[in-house]
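# Structural overview
Take a look at the letters that make up each chain.
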Number of protein chains: 2
Amino acid sequence: MSAGTGGPDSGPENGPENSPSTATGWLVIAGLGPGDAALITPEVQAALDQATDVVGYFPYVARVAERPGLTLHGSDNRVEVDRALAALRLCAGGRRVVVVSSGDPGVFAMAAAVFEALETGPADWAGMDIRVLPGITAMLAAAARAGAPLGHDFCAINLSDNLKPWALIEKRLRLAVEGDFAMAFYNPRSRSRPEGFGRALEILRAAAGDDRPVIFARAVSRADENLRVVPLSQATAEMADMQTVVIVGASNTRLIDRPDGLPFVYTPRKVEA
Amino acid sequence: MSAGTGGPDSGPENGPENSPSTATGWLVIAGLGPGDAALITPEVQAALDQATDVVGYFPYVARVAERPGLTLHGSDNRVEVDRALAALRLCAGGRRVVVVSSGDPGVFAMAAAVFEALETGPADWAGMDIRVLPGITAMLAAAARAGAPLGHDFCAINLSDNLKPWALIEKRLRLAVEGDFAMAFYNPRSRSRPEGFGRALEILRAAAGDDRPVIFARAVSRADENLRVVPLSQATAEMADMQTVVIVGASNTRLIDRPDGLPFVYTPRKVEA
């Protein structure tokens, strides 16, 4: 469990050995996967079982079972750094803290926010026992449901322009098509920015043509799961919301029809010279 | 567990409802994660517990516990489509088959090979109960160990030129730098192709300069785990082997020094306009 080469195991069962100021506190940034409890790793479950505090966006915290000795700290979205600072302060005070994200915490989720917050805090916070535990990220859960659309080189792009210029998103879309990567898009569409995803689809059609398969995967592994596969020519912005991951195939991505339900979508491993 | 929208649960406990020719057979393509059993999802474990046959590359099959009623079919690497065909035939014969991959089966692993094989077989194979179960892929396990280096837009590139022209790899590297993506590289180096990764590093230095942090993550979560973080100027081909995932930061990727061990490496969520 150690992040350092050849370092001692610093799993949740052990106290930190190098953070005298924090006594027994630790902070784990954990991925809960896409929704189904059967997709939570035993490693993450063990951390949750030993935590004194769980910190995160309300709907993710709601997925953690209450028990005596555990305090749940749900907060609204768009306050990621405040939430991360609160978690770091709890850890510095000796608590055993799990910051929960949906999916994988390192993919458009809380891990980067915690490190941003760590840089604003006291220097000795960097000596605390802080670990990131991976989870099943939304694009890989969605890809598995559809077949293997990310079976060869691919890009993951966050389509939200809350934290980066829209022009950079457009540039990355064009370069991803030029490189013939398959693509996975997180946060395709929000109420505050309904036009962005439509523009992204226009850029993709102009660069990649009408035929690429597009997978709209909403709420994968949850009760309201919904998958849809359409050619790029038929993809519309309304097919996505903020619960949706969108995957666009590369030029060689193929469909295999099934007698019922959706086709399998996969990207072959081989690219001809 | 259904791949189709609103379809019935077709988990391992249920027989297929739409494949009269296959009786009770099913085929699951499952990701075992990077090595530690604590990173295997309960969903994958449940499939293994109900399988009659496990098919895969020898060292991955060796990670599955033997038990009465379970046949383990280990095979050499570079025979992925033969292995996939054998698994599909077992399924068609009514067996409950798990094809195992390390990491996630959809990321440079067996899922695409199974769909390639499916296309060469009888048309009614497409009606069999075939499902892909995601796993913790190597780049996300490695990223978690290091911090959050893939915390913003990123590309995943297989550096092996066994199945694609080397020129395409070079093109993708240049475009990934031009788009300022963080990058994760699978299969950086093999005995049969020792020079390729060195050339990749030269291309990256020419395009991105000397300072990008490079993470060499070998055998993450296994007993021989080894992590190393160096600037691009100091990265050498010898730092990687086929057990290594290599992550290269974007232009804004940052290091946070720790009093002991490796620094945290993370890519902030925000990109300035």
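Read on for a plain summary of the structure. (Residues numbered from 1 in each chain as written. Chains lettered and ligands numbered in written order. Predicted model: local features only at pLDDT ≥ 70, side-chain atom pairs only at ≥ 80, totals over all residues. Heavy atoms only, no water.)

Attention shifts here to the sheet that holds strand β4 (residues 96–101) of chain B. Two strands in a sheet stick together by hydrogen bonds in their backbones, pointing the same way (parallel) or opposite ways (antiparallel). All names here are of chain B. Taken in spatial order, the five strands line up as β3-β2-β4-β1-β5 in an open sheet, and their pairing is parallel. Strand pairing shows two members of the sheet lacking a second neighbour, β3 (71–75) and β5 (129–133), which therefore form its edges. When strand polarity is set aside, the average angle formed by the axes of neighbouring strands in this sheet is 15°. Relative to β5, strand β1 (residues 26–31) is paired through five bridges, and the arrangement is parallel. Along β5, the bridge assignment pairs Val-28 with Arg-131. On top of the sheet, helix α3 (residues 80–92) reaches β1, β2 (53–57), β3, β4 and β5; it is set at about 170° to β2, its chief contact. (Pairing = 2+ DSSP bridges. Helix = DSSP H or I, 4+ residues; strand = E, 2+ residues; numbered from the N terminus. Axes fitted to C-alpha atoms, helices over the stretch in contact; angles between N-to-C directions. Contact = heavy atoms within 4.5 Å.)

This part covers helix α4 (residues 110–120) of chain B. Among the 11 residues that make up α4 of chain B, nine are buried, leaving the element largely enclosed by the rest of the structure. Within the span of α4 of chain B, buried status applies to Met-110, Ala-111, Ala-112, Ala-113, Val-114, Phe-115, Glu-116, Ala-117 and Leu-118 of chain B. (Buried < 20%, exposed > 50% of the residue type's maximum accessible area, 1.4 Å probe, protein only.)

Looking now at the interface of chain A and chain B. Each partner contributes residues to the interface: chain A has 83 residues there, and chain B has 83 residues. Around 7,200 Å² of area is buried between chain A and chain B when both sides are counted, 61% of it from carbon and sulfur atoms. The largest per-residue losses of area from chain A upon contact with chain B belong to Leu-163, Arg-172 and Arg-269 of chain A, which jointly make up 10% of the total buried on that side. Linking chain A to chain B there are 10 salt bridges. Arg-269 of chain B is the salt-bridge partner of Glu-80 of chain A, the closest N and O atoms lying 3.7 Å from each other. Where chain A packs against chain B, one counts 26 residue pairs in polar contact (both at pLDDT 80 or more). Per-element accounting of the side of chain A that touches chain B gives the leading share, seven residues, to helix α4 (residues 110–120) of chain A. Of the residues belonging to the side of chain A that touches chain B, the class tally is 46 nonpolar, 16 polar and 21 charged. (Buried area = accessible area lost by both parts, 1.4 Å probe. Salt bridge = Lys/Arg side-chain N within 4 Å of Asp/Glu carboxyl O. Polar contact = N/O pair within 3.5 Å; in protein donor to acceptor, adjacent residues only side chain to side chain. Nonpolar A, V, L, I, M, F, W, Y, C, P; charged D, E, K, R; others polar.)

When chain A is fitted onto chain B, the two copies agree to an RMSD of 0.0 Å after a turn of 180° and an axial shift of 0.0 Å. Here the transformation between the copies is reduced to the relation of a two-fold axis. Measuring from the rotation axis to each C-alpha of chain A, the shortest distance belongs to Cys-155 of chain A, at 2.1 Å. Of the residues that chain A buries at the interface, 100% are likewise interface residues in chain B, meaning the two copies contact each other through the same surface. (Least-squares fit on C-alpha atoms with pLDDT ≥ 70 in both.)

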